[in-house]
Amino acid sequence: MPSRPPLTPIVEALPATVPFVGPEAQQRASGKPFRARIGANESSFGPSPSVIAAMAAAAPDMWMYCDPDNHDLKAALAAHLGVELGNVVVGQGIDGLLNIAVRMHVAPGDVVVTSLGAYPTFNFHVAASGGRLVTVPYVDDRESLDGLLAAVRRENARMVYLSNPDNPMGTWWEANEITRFVEALPETTMLILDEAYGETGPASAMPPIDIARPNVLRMRTFSKAYGLAGIRCGYAVGEAQAIADFEKVRDHYGVSRMAQIAGLAALADQTYLHEVVGKVAAGRERIAGIATANGLSPIPSATNFVTIDCGRDGAFALHVLQGLLSRGIFLRKPMAPGLDRCIRISVGLPAELTLFAEELPGALEAARR
């Protein structure tokens, strides 16, 4: 065999895995398309008509590079949030921002704390940095604030990850509890507060933005309620120097011209956003009703999905998932012990939820055999 350039020791030791297997890969494997795509927490309602119009108008200009400063979108976000331009950084979705934040703060061997079963892409970035991940079990289907804090103190953690509202369970903490958690953190621990589902949750779950704390980065996205998962555009808000540190390592041409235009137009159309949030709330109620009608227990959700307790163990829930996949219904499930008894259903279009309602009884019957 010919020799090849060596990898770094960290990359050499990593397994060849990805955080998620996409629905496209599953369709290629099965040779047929899904009938309902309600597993990736996308918004089937799509972007607003004004966003689509802005993107169509901008299409002829895609020969130009994007603005590497993301200036107009940053300025609009700063005005929307009531902060200064220097308190916002735009990136390739929350995933891209997580990658940068971990690269900035986690050296090989540093401890990073997260919840067992929380967003796996964050863990993926920690592994790539050589960090040591310490996980804390959920309690009553919520991330344990006290457990996370205890692990941070015990391990002298460099970083801690918390999502609110939470993925994959859809649960949430009220703002006063998040504030209590922030105030109790050591100043040397960077908190990544993932608020990807902030728009679909109750306003009472969102603490006021405090840009005075250099150890808090709040991350949000256009992928969920704004219906723009395909453009990969998100943003982080924080103290000015914490945000300025992103400039040292970020991909300055990573957020495309189209993404910047779409994000700007989406932010301007708050009326459409509120309409979608209403549709999401109605969809959550419908999914909960479908679950209850089939003898399952929906977990109260503040996100654009509902996690359903299948009432048995992880093996049974996996059979239910596989049964629905075989029937053309794309969905996902938590895999961590304690959470793996559940399946997770994204709010889709009414026709997609009708298909889910039609196919769930058969999948449950097959799983019980």
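Quick look at the structure, then.

What counts, and where the lines are drawn
Residues numbered from 1 in each chain as written. Predicted model: local features only at pLDDT ≥ 70, side-chain atom pairs only at ≥ 80, totals over all residues. Heavy atoms only, no water. Helix = DSSP H or I, 4+ residues; strand = E, 2+ residues; numbered from the N terminus. Polar contact = N/O pair within 3.5 Å; in protein donor to acceptor, adjacent residues only side chain to side chain. Contact = heavy atoms within 4.5 Å. Pairing = 2+ DSSP bridges. Axes fitted to C-alpha atoms, helices over the stretch in contact; angles between N-to-C directions.

Topic: the side chain of Thr-221
Next, step 1: Residue placement: Thr-221 occurs in strand 7 (residues 216-221).
Next, step 2: A polar atom in the side chain of Thr-221 sits 3.0 Å from the backbone nitrogen of Ser-223.
Next, step 3: A distance of 3.5 Å separates a polar atom in the side chain of Thr-221 from the backbone oxygen of Cys-233.
Next, step 4: Setting aside residues no more than four positions away along its own chain, Thr-221 makes contact with Ile-94, Ala-196, Glu-199, Tyr-226, Cys-233, Gly-234 and Tyr-235.

Some remarks on the side chain of Glu-359
Next, step 1: When you line up the elements, Glu-359 lands in helix 13 (residues 350-368).
Next, step 2: Side chain to side chain, Glu-359 and Arg-35 meet in a polar contact 2.9 Å long.
Next, step 3: Look past the residues within four positions of Glu-359 in its chain and what remains in contact with it is Arg-35, Leu-324, Arg-327 and Ile-329.

Re the sheet that holds strand 6 (residues 190-194)
Next, step 1: In space, the seven strands of this open sheet follow the order 2-8-7-6-5-3-4, with mixed pairing throughout. The outermost strands of the open sheet, each flanked by one partner alone, are strand 2 (88-91) and strand 4 (132-136). For this sheet the average axis-to-axis angle between neighbouring strands, irrespective of direction, equals 20°.
Next, step 2: Here strand 7 pairs with strand 8 (residues 234-238) via five bridges, running antiparallel. Across the sheet, residue Arg-220 finds its bridge partner in strand 8, namely Tyr-235.
Next, step 3: Running over the sheet, helix 6 (residues 120-129) touches strand 3 (111-115), strand 4 and strand 5 (159-163) and is turned about 165° from strand 3.

Treat this as a map of the structure, not an account of what it does.
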